Amino acid sequence: MNVKNTQDHYGWVAIALHWLMAPVVIGLFALGWWMRQLSYYDPWYRQGPELHKSIGVLLLVLLVLRLVWKLYNRSPAPEPGTPRWQQLGARLAHGVIYLLLFAIGISGYLISTADGRPIEVFDLFSLPATIGGIPNQEDIAGEIHELLAWTLITLVALHALAALKHHFIDRDGTLRKILLPRRRPQPLETNDTDSQPKLSQPLNKRSIP
């Protein structure tokens, strides 16, 4: 299986990062929406935000790794016949998704560290509070965080619909490029005896002058 991307397919690293991040993004959105429905006395009123923050920090780490990997890898070429506006639209959508993920992560950081306390990431490490003292920091960052989250999930849904449209309506290979890694073609094994030319008739020694 190819580690790096090729002209017509993504490598297994890019595919793994994509399918690891996609459900995490959707799960974080669902968790954030669900947390808003909790009451103060619900056991998850405190556990939910801690889980949300820890996963969010790890998602940012994955995002940085994905962008670094993308920087040193070419992207597969678009399918033949894809209109120019669709190619530009896909690039723009990807760029906006990356920017939104960063902005959501930063706003979430500002919410969590508004009181000066660090973010404990699954008791593995702490992310210190480095920005504080902004008036109404938690409230303002919270409103921005929610707005950006809804924008992101809408764009992700459109991205998924576009991929399904390519697969089921256009019937091209756009979605297959990111589904599963492609195996490297195996070289054909040749037998040395088979590679020797064969005579159709046995050689008669008497016929040789």
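Q: Is there a simple way to explain the pattern of salt bridges in this structure?
A: Using the criterion set out here, one finds five salt bridges in the structure. A salt bridge links Lys53 to Glu50, with the shortest nitrogen-to-oxygen separation between them at 3.2 Å. Remark: Glu50 and Lys53 occur in helix α2 (residues 44–71); sequence separation between them is three residues, near one turn of the helix.

Q: Can you walk me through the packing of helix α1 (residues 12–35) against α2 in this structure?
A: Helices that pack against each other are described as a pair by the angle of their axes relative to one another and the distance between those axes. In the contact formed by α1 and α2, the axes pass within 10 Å of each other and the chain directions differ by 155°. In terms of their interaxial angle, α1 and α2 are classed as roughly antiparallel. Our pair here, α1 against α2, has a crossing hand that is left-handed. Taken together, the residues of the contact of α1 with α2 break down into 20 nonpolar, five polar and one charged.

Q: Would you mind going over the environment of Leu17 with me for this structure?
A: Its location among the elements puts Leu17 in helix α1. Here Leu17 falls in the buried class, since its relative accessible area comes to 12%. Along the chain, Leu17 and Leu63 lie 46 residues apart, while their C-alpha atoms are 8.5 Å from each other. In this structure Leu17 touches Leu62, Leu65 and Arg66, once residues within four positions along its chain are discounted.

Q: It is not clear to me how the packing of α1 against helix α4 (residues 137–170) should be interpreted in this structure. Could you clarify?
A: The interhelical angle for the contact between α1 and α4, taken along N-to-C directions, is 135°, at an axis separation of 11 Å. Between α1 and α4, the crossing angle belongs to the class labelled oblique. Here α1 runs over α4; the crossing is left-handed. Residues His18, Val25, Ile26, Phe29 and Trp33 of α1 touch α4, and the partners they reach there are Ala149, Trp150, Leu152, Ile153 and His159. Looking at the contact of α1 with α4, its residues break down into eight nonpolar, two polar and no charged.

Basis of the calculations
- Residues numbered from 1 in each chain as written.
- Predicted model: local features only at pLDDT ≥ 70, side-chain atom pairs only at ≥ 80, totals over all residues.
- Heavy atoms only, no water.
- Salt bridge = Lys/Arg side-chain N within 4 Å of Asp/Glu carboxyl O.
- Helix = DSSP H or I, 4+ residues; strand = E, 2+ residues; numbered from the N terminus.
- Axes fitted to C-alpha atoms, helices over the stretch in contact; angles between N-to-C directions.
- Parallel < 35°, antiparallel > 145°, perpendicular 65-115°, else oblique.
- Left-handed = near helix turned anticlockwise from the far one by under 90°.
- Nonpolar A, V, L, I, M, F, W, Y, C, P; charged D, E, K, R; others polar.
- Buried < 20%, exposed > 50% of the residue type's maximum accessible area, 1.4 Å probe, protein only.
- Contact = heavy atoms within 4.5 Å.

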